[in-house]
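Analysis of the macromolecular model
Residues per chain, in single letters:
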Amino acid sequence: PRNMWEGDKMSEPTGAHADWAREVAKEQNVGLLDLNHLLAEKYDSLGKDATTALYADGHVHTTYAGAELSAKVVIDALQALPDHPVAKFLREKPAATW
């Protein structure tokens, strides 16, 4: 999500990208890791100042630390899926180098 806030909550994205992904998943009857929602929740827990520090341009693109946080949110969401369908593809710890 973009670094946009309504009070102490990050504005959850709607419109072209976020809504389109949700609509396609619903129409195709497939699961969706709603990363816009999951990241907005994570950013809410960090607060506006800490979150803003994770944006390289202050609005859209994250820093390396922001990218790592996003990756962690993705991994946590995948691990929370029923029957953990991607478990065999995940490492216990991140690789030392990419």
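These numbers were taken from a predicted model, which means no experiment stands behind them. (Residues numbered from 1 in each chain as written. Predicted model: local features only at pLDDT ≥ 70, side-chain atom pairs only at ≥ 80, totals over all residues. Heavy atoms only, no water.)

This part is about the overall build of the protein chain. The helix and strand inventory of the protein chain stands at four helices and two strands. Among the 98 residues that make up the protein chain, the fraction classed as buried is 20%. Taking as baseline every contact in the protein chain between residues at least 6 positions apart, the subset at least 24 positions apart corresponds to 51%. Carbon and sulfur atoms make up 56% of the accessible area of the protein chain, which totals about 7,200 Å². (Helix = DSSP H or I, 4+ residues; strand = E, 2+ residues; numbered from the N terminus. Buried < 20%, exposed > 50% of the residue type's maximum accessible area, 1.4 Å probe, protein only. Contact = heavy atoms within 4.5 Å. Areas by Shrake-Rupley, 256 points an atom, 1.4 Å probe, with all protein chains shown as cover.)

Among the nonpolar cores identified, the biggest contains nine residues, and these are Trp5, Met10, Leu39, Ala40, Tyr43, Leu54, Tyr55, Leu69 and Val73. Tallying contributions element by element places helix α2 (residues 35-46) first for this core, with three residues. Those residues in contact with Trp5 that sit more than four places away from it in its chain are Met10, Ser11, Tyr43, Asp44, Gly47, Lys48 and Thr51. (Core = buried A, V, L, I, M, F, W, Y, C linked by side-chain atoms within 4.5 Å.)

Moving on, we get to helix α4 (residues 64-79). Taking 1.5 Å of rise per residue, the 16 residues of α4 would be expected to cover 22 Å, and the 23 Å separating its terminal C-alpha atoms lies within 8% of that figure. Buried residues of α4: Gly66, Leu69, Ser70, Val73, Ala77 and Leu78, and no others. Contacts made by the buried residues of α4 are with α2. (Expected span 1.5 Å × (residues − 1).)

A complete count under the given rule lists one aromatic pair for this structure. Centre to centre, the rings of Tyr43 and Tyr55 are 5.9 Å apart; their planes meet at 55°, and the pair counts as tilted. Taken together, the residues span a long stretch of sequence, with Tyr43 in helix α2 and Tyr55 in the loop between α3 (48-52) and α4 at a distance of 12 residues. For Tyr55, a relative accessible area of 5% corresponds to the buried category. (Phe/Tyr/Trp six-rings, centres within 6.5 Å; stacked < 30°, edge-to-face > 60°.)

Attention now goes to the side chain of Thr51. Topologically, Thr51 is positioned in helix α3. Beyond its immediate stretch of four places on either side in the chain, Thr51 contacts Asn3, Trp5, Met10, Tyr43 and Leu46.

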